Amino acid sequence: APTPDPAPFSVVVDVDAQALAQWDASRESQPNSPPPRNAVPGLVLVAEWGWAQEQEQCRGAYANLRARAARLGDPRAGGGGSLYAYPAHAMHVTVATLSNQRDLTRAPRAGLTPEQDAEVLAAWADALTGALSRATGREHTKAGKLDAKAAAEAEPGDAGAAALGPFELEAHRIELSPGAAFLHFKDPTGSVAKLREVVAHVRDTDPRLAELDRELRPAAGIRSSVFLPNIVHASFGRFIGGPAAAAAAAGATGASPAMELRAEFDELAKSIKPFTIKVTKLTLANELSPYMHQGRTEGTVMDFDL
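To start, this report covers the structure provided alongside it. (Residues numbered from 1 in each chain as written. Predicted model: local features only at pLDDT ≥ 70, side-chain atom pairs only at ≥ 80, totals over all residues. Heavy atoms only, no water.)

Next up on the list: the overall build of the protein. A tally of regular secondary structure across the protein gives 10 helices and nine strands. Out of the 306 residues belonging to the protein, those deemed buried represent 48%. Sequence-distant contacts, at least 24 apart, represent 76% of the contacts inside the protein between residues at least 6 apart. When the accessible surface of the protein is totalled, it reaches about 14,400 Å², and 52% of it is carbon and sulfur. (Helix = DSSP H or I, 4+ residues; strand = E, 2+ residues; numbered from the N terminus. Buried < 20%, exposed > 50% of the residue type's maximum accessible area, 1.4 Å probe, protein only. Contact = heavy atoms within 4.5 Å. Areas by Shrake-Rupley, 256 points an atom, 1.4 Å probe, with all protein chains shown as cover.)

What follows concerns unusual backbone geometry. Its identity is not glycine, yet Tyr291 carries a phi of approximately 55°, on the positive side. Phi is positive for Met292, close to 60°, though the residue is something other than glycine. One can find Met292 in the loop between β8 (281–287) and α10 (296–299).

Reading across the sheet, the five strands line up as β2-β6-β5-β4-β7 and stay open at both edges, with antiparallel pairing between neighbours. Here the strands that pair on one side only, and so sit at the sheet edges, are β2 (83–85) and β7 (275–279). Here the strands of the sheet are splayed against their neighbours by 35° on average, with no regard to which way each runs. Strand direction decides the pairing type here: strand β5 (residues 181–186) and strand β6 (residues 233–239), joined by four bridges, are antiparallel. Directly across from Ala181, in β6, lies its bridge partner Gly237. Contacts between helix α3 (residues 56–69) and the sheet are confined to β2, β4 (167–176), β6 and β7, with β7 contributing the most and set at about 120° to the helix. (Pairing = 2+ DSSP bridges. Axes fitted to C-alpha atoms, helices over the stretch in contact; angles between N-to-C directions.)

Next up on the list: the nonpolar core. In this structure, Trp51, Leu98, Trp124, Leu128, Phe185, Phe236 and Leu284 are the most contacted members of the largest nonpolar core, which totals 74 residues. At 10 residues, helix α4 (residues 114–136) tops the list of elements feeding residues into this core. Residues contacting Leu284, with those up to four places away along its chain left out, are Leu43, Val44, Leu45, Leu98, Leu121, Trp124, Ala125, Leu128, Gly299, Thr300, Val301 and Met302. (Core = buried A, V, L, I, M, F, W, Y, C linked by side-chain atoms within 4.5 Å.)

Here the focus is the sheet that holds strand β1 (residues 42–47). Strand order across the open sheet formed by four strands is β3-β1-β8-β9, with antiparallel pairing between neighbours. If you trace the sheet from one side to the other, it starts and ends with β3 (93–99) and β9 (300–305), each paired once. In this sheet, neighbouring strand axes are inclined to one another by 15° on average, regardless of whether the strands run parallel or antiparallel. Inspection of the sheet shows β1 paired to β3 by five bridges, in the antiparallel sense. From the neighbouring strand, Ala47 faces β3, where its bridge partner is Val93. Strands in contact with α4 are β1, β3, β8 and β9; relative to β9, the strand with the most contacts, it is inclined by about 5°. Along the sheet face, helix α6 (residues 191–205) touches β1, β3 and β8 and points at about 15° away from the line of β3.

Structure, rendered in structure tokens:
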């Protein structure tokens, strides 16, 4: 039987990514300029924020991936392509999204006063610190740092399974969707799934979060808005335009620039060599800029050392 033609490929051009790309391109001349802000900040629990910048075994692998991805769809193969690939400091592995920065139907932070918002952030930080302390069999301070005295005196965690601790993820393949480019990880210990179980338990049982849901009555529920992905991944790029993206967005099919872009990405995917991320820290992040581009100081609600 003849080989069927590949399915038409289309993309979604991302206005946030366009603004981020302009900011990123200007950083050489304006190194201290802040990235664009979200209209509504997100709230996310992430693992090993900044791994592509801070871990030696990952720096070169991600720098190469980013440089090659940024040239996709560029006929000159010299930059200015169709995909904006994130800088290393923004890379992270999403454990859970607690308040979405784009979908207002899942954004309980939208419409809150600054005081109410601070209450919600503090409630999540306190609840997660307590639950993670039990799941790791150790005690932490409210800032998420290990309390050595409390740890020495603490009983083993009551999570009902082997205590959580530092773990490794293996980056092993990339994928292109109409909205983004993703890096997928293998999680041989199932640690990310266990962390999501902890978040789900907090969502369902924490009395302070339930109380705030009743008191504040946000348009999107504090607990019902929690999103737990079913994959272990990191997005690393979004479409910003260029000839290929413009053709795809216009609905071109067949032997179009969009299909050529997809073919280029598939060739890049074949060349990816696995590398390992060591996960030793979780961060409850105040996502002030799209796709975790904000600085660490302003973006950290709580750190938790595994």
